[in-house]
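Structural characterization, general
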Amino acid sequence: MTKVPASAVGIGLRQPHYREVFERRPALGFLEVHSENFFLDGGASMHTLARARAAYPISLHGVGLSLGSADSLAQTHLAKLQRLVERIEPALVSEHLSWGSVGSRHFNDLLPMPLTHEALTLLSARVDHVQSVLKRPILIENVSAYVAYEHADMSETAFLAELARRTGCGLLLDLNNLYVNAVNFDLDPFAGLADLVPETIGEIHLAGHTRTDAGLIDTHGTRVCSDVWALYEAACRQFGPRPTLIEWTPICRRSTCCSKRPPPQRR
């Protein structure tokens, strides 16, 4: 298993990048892919991932395990992830602090968790199980939110810190998501950094967002703004250098992405 240097900078590997990445071999510290795009045992996608793995460390970033769902954990999904991890031997494996399914209904989004002791107990058991199956620690990423629950026992960063303490998992700290939530719900993102233990931070994500009348939307459709860069500088001072991924999807447009997001509100 290849390790990612602490000072490494990577990008998400998407189909428009394939030719340039494989022909030019740019000086990238690692490549990140969505795990679910490579669940098939063979075919062109897996061939592409194998080529990428031969050239760069790989980070498998999951978006569909729905760790926080009240339903039972999707064992079929986890088994596919296990096969992929065994085949690719990625440097990093991550998922989100979120839920996205209930019953037979699946939502095309990463929905925020209630920040309660009950939810923390559920997430801790789920993360423990996933790490046991994969035989390795995973990273858990904070998500952007556009609703806030009326009741919370702790902040999101305190929740993540305690999750890491209980399970031994690492954290994928998305600074754009931290900033988006801070603006949308009048929080201090720098205070959130103080909740986190440096040794638990395994990766950092940076991205752009879209500003609307209702609030900030995490679209990955713009360059990283100066406020998020300032937050990154503070994180580097506090935690030291960490593998950092810059997320950017310039084809994203407000009509196709942002209009599907609800305005920030409380429930």
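Details of the structure are given in the entry above.
The following paragraphs examine the structure supplied in this document.

Calculation notes
- Residues numbered from 1 in each chain as written.
- Predicted model: local features only at pLDDT ≥ 70, side-chain atom pairs only at ≥ 80, totals over all residues.
- Heavy atoms only, no water.
- Helix = DSSP H or I, 4+ residues; strand = E, 2+ residues; numbered from the N terminus.
- Buried < 20%, exposed > 50% of the residue type's maximum accessible area, 1.4 Å probe, protein only.
- Contact = heavy atoms within 4.5 Å.
- Areas by Shrake-Rupley, 256 points an atom, 1.4 Å probe, with all protein chains shown as cover.
- Lys, Arg positive; Asp, Glu negative; His and termini not counted.
- Charge placed at Lys NZ, Arg CZ, Asp CG, Glu CD.
- 1 Å grid on protein atoms, 1.4 Å probe; cavity = no way out; pocket = protein on both sides within 12 Å on 5 of 7 lines; lining within 4 Å.
- Points joined across faces, edges and corners; volume = space filled by probe spheres on them.
- Nonpolar A, V, L, I, M, F, W, Y, C, P; charged D, E, K, R; others polar.
- Pairing = 2+ DSSP bridges.
- Axes fitted to C-alpha atoms, helices over the stretch in contact; angles between N-to-C directions.
- Expected span 1.5 Å × (residues − 1).
- Arc of directions from axis to C-beta.
- Right-handed = clockwise from strand over helix to strand, strands pointing away.
- Patch = residues over 30% accessible without salt bridge, like charges linked within 9 Å, V, L, I, M, F, W, Y side chains within 5 Å.
- Salt bridge = Lys/Arg side-chain N within 4 Å of Asp/Glu carboxyl O.

Within the protein chain, the regular secondary structure consists of eight helices and 14 strands. Oriented by its inertia axes, the alpha-carbon framework of the protein chain measures out at about 50 × 40 × 40 Å. A total of 267 residues make up the protein chain; the buried ones form 52% of that total. Here the contacts in the protein chain between residues at least 6 apart in sequence split such that 79% fall between residues at least 24 apart. As displayed, the protein chain offers around 13200 Å² of accessible surface, 53% of which is attributable to carbon and sulfur atoms. Averaging the positions of the 26 positive and the 28 negative side-chain charges in the protein chain gives two centres separated by 7 Å.

Of the voids in this model, the second largest pocket is the one considered here, and its volume is about 570 Å³. Along the wall of the second largest pocket there are 28 residues; nearest its centre are Leu115, Ser155, Glu156, Phe185 and Leu187. Among the secondary structure elements, those contributing two or more residues to the lining of the second largest pocket are strand E8 (147–148), helix H5 (156–167), helix H6 (175–184) and helix H7 (189–194). The residue makeup of the lining of the second largest pocket, split by class, is 18 nonpolar, five polar and five charged.

Attention shifts here to the sheet that holds strand E10 (residues 201–207). Strand pairing within a sheet occurs via backbone hydrogen bonds; the two strands may be parallel or antiparallel. With parallel pairing, the eight strands of this closed barrel are ordered in space as E1-E2-E3-E4-E7-E9-E10-E13. Adjacent strand axes in the sheet meet at a mean angle of 25° when their direction is disregarded. Strand direction decides the pairing type here: strand E1 (residues 9–12) and strand E13 (residues 244–247), joined by three bridges, are parallel. Across the sheet, Ile11 pairs through a bridge with Ile246, a residue of E13.

Its 14 residues give helix H3 (residues 75–88) an end-to-end C-alpha distance of 20 Å, which sits within 8% of 20 Å, the value for a rise of 1.5 Å per residue. Here H3 has its buried residues at His77, Leu78, Leu81, Leu84, Val85 and Ile88. Each buried residue of H3 lies within a common arc of 120° when the element is viewed along its axis, so the set occupies one face. Across H3 from its buried face, at more than 90 degrees, point the exposed residues Thr76, Glu86 and Arg87.

In this structure the tally under the stated criterion is one cavity of 30 Å³ or more. Put simply, the largest cavity is a space of about 30 Å³. Around the largest cavity sit Gly12, Arg14, Glu32, Val33, His34, His61, Leu245 and Glu247, which together line it. Among the secondary structure elements, those contributing two or more residues to the lining of the largest cavity are strand E2 (30–34) and E13.

Our focus in this paragraph is the environment of Leu31. With respect to the secondary-structure elements, Leu31 resides in strand E2. Under the relative-accessibility criterion, Leu31 is labelled buried at 0%. Taking the C-alpha atoms as reference points, Leu31 and Val21, 10 residues apart in sequence, are found 9.9 Å from one another. In contact with Leu31, other than residues within four places in its own chain, are Ile11, Leu13, Val21, Ala52, Tyr56, Pro57, Ile58 and Ser59.

Another point: the side chain of Gln131. Mapped onto the fold, Gln131 is located in helix H4 (residues 117–134). Classification of Gln131 as buried rests on a relative accessible area of 10%.

Only one face of E1 is buried, namely the one carrying Gly10 and Gly12, since none of Val9 and Ile11 on the opposite face is buried. Pairing of E1 with E2, which is carried by three bridges, proceeds in the parallel orientation. Each bridged residue has a counterpart across the sheet, and for Ile11 the counterpart in E2 is Leu31. Taking the sense of rotation as the criterion, the β-α-β connection linking E1, helix H1 (residues 18–24) and E2 turns out right-handed.

Attention now moves to unusual backbone geometry. Positive phi, normally seen in glycine, also occurs at Arg25, with a value near 50°. Along the polypeptide, Arg25 turns up in the loop between H1 and E2. Not every positive phi belongs to a glycine, and Lys135 is a case in point at roughly 60°.

Looking now at a nonpolar patch on the surface. A surface patch of nonpolar side chains, amounting to about 240 Å² of accessible area, comprises Val9, Trp229 and Ile246. Here Trp229 is to be found in helix H8 (residues 226–239). Overall, Trp229 belongs to the partly exposed group, its relative accessible area being 35%.

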